[in-house]
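Summary of structural features
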Amino acid sequence: KWSFGIITDGRKNSWVLELISSIHAQDFPHYEIIICGPTPFGEKEAQVNEKIYIIDDVNYDDDIRAPISHKKNAIIREAKYNNLCIVHDRYLLPETWYKNFKKYGNYFDALCLKNLTPSGDRYGVDWMKFSYPLTSRFKLNAPLMYNDWHNEAIIPGGVILVKRHLIKDFKLDERLFWGELEYMQFSKISYLN
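One structure accompanies this document, and this report is about it. (Residues numbered from 1 in each chain as written. Predicted model: local features only at pLDDT ≥ 70, side-chain atom pairs only at ≥ 80, totals over all residues. Heavy atoms only, no water.)

Its location among the elements puts Leu176 in the loop between helix 4 (164-167) and helix 5 (182-192). It is 30 Å that separates the C-alpha atoms of Leu176 and Lys51, two residues lying 125 residues apart in sequence. In this view, Leu176 contacts Ser69, Glu182 and Gln185; residues no more than four positions away in its chain are not counted. (Helix = DSSP H or I, 4+ residues; strand = E, 2+ residues; numbered from the N terminus. Contact = heavy atoms within 4.5 Å.)

Structure follows, in structure tokens:
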């Protein structure tokens, strides 16, 4: 049983619809899709059904920062299944995603998935570790080989794949917005918990 949360700001509606299609195509026996952001369906609300929920978007008119931590926490609160995958509106699931997951198994706390470019190359920030000291906001973190482990590993913010029961009590720090290293703080707190 899977809960998928989609983070969107309404600027990539056609991509969100493709993401939804890629989830539907997986043949999950039980799943839900929770969208935090404007509806991608426009006036066609009939597209929202027992599998798809639009939850209230989180916006702060007096703040130009994107409230990404608030949106992810809203999805965590709404999710009904323990297998939780929160994705930004720039991702699609490959056709064999669920089939491969069944082979992998259901025993995990949090996972980092390969992020591939449209040409199939590795997107270099899918499995990485903290780079210390944090002297620059734009300093790149060190990528890890897929068979390496490090206790400073980062759960990339674009795809969070985790058991809901493990994170529902601490969630993401809502004082941090998009681009404020919110995923690094979440990774460290997740590791410590």
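On to the sheet that holds strand 7 (residues 142-143). Read from one edge to the other, the open sheet built from three strands follows the order 7-6-8, with strand pairing classed as antiparallel. Either end of the sheet is taken by a strand with one partner, and the two such strands are strand 7 and strand 8 (153-154). Judged from the two bridges that link them, strand 6 (residues 128-129) and strand 8 form a sheet pairing that is antiparallel. Paired with Lys129 across the two strands is Ala153, which belongs to strand 8. (Pairing = 2+ DSSP bridges.)

Turning our eyes to something else, we now look at the nonpolar core. Soluble globular proteins tend to bury their nonpolar side chains together. Grouped together as the largest cluster of nonpolar side chains are 24 residues, with contacts concentrated most on Trp2, Phe4, Ile6, Ile23, Ile33 and Trp97. Looking at this core, the elements that each hand over two or more residues are strand 1 (2-7), helix 1 (13-24), strand 2 (31-36), strand 4 (83-88), helix 3 (97-104) and strand 9 (159-163). By size, the runner-up hydrophobic cluster in this structure holds 18 residues, among which are Ala74, Ala79, Ile160 and Leu172. (Core = buried A, V, L, I, M, F, W, Y, C linked by side-chain atoms within 4.5 Å. Buried < 20%, exposed > 50% of the residue type's maximum accessible area, 1.4 Å probe, protein only.)

Interpretation in functional terms is not warranted from these geometric data alone.
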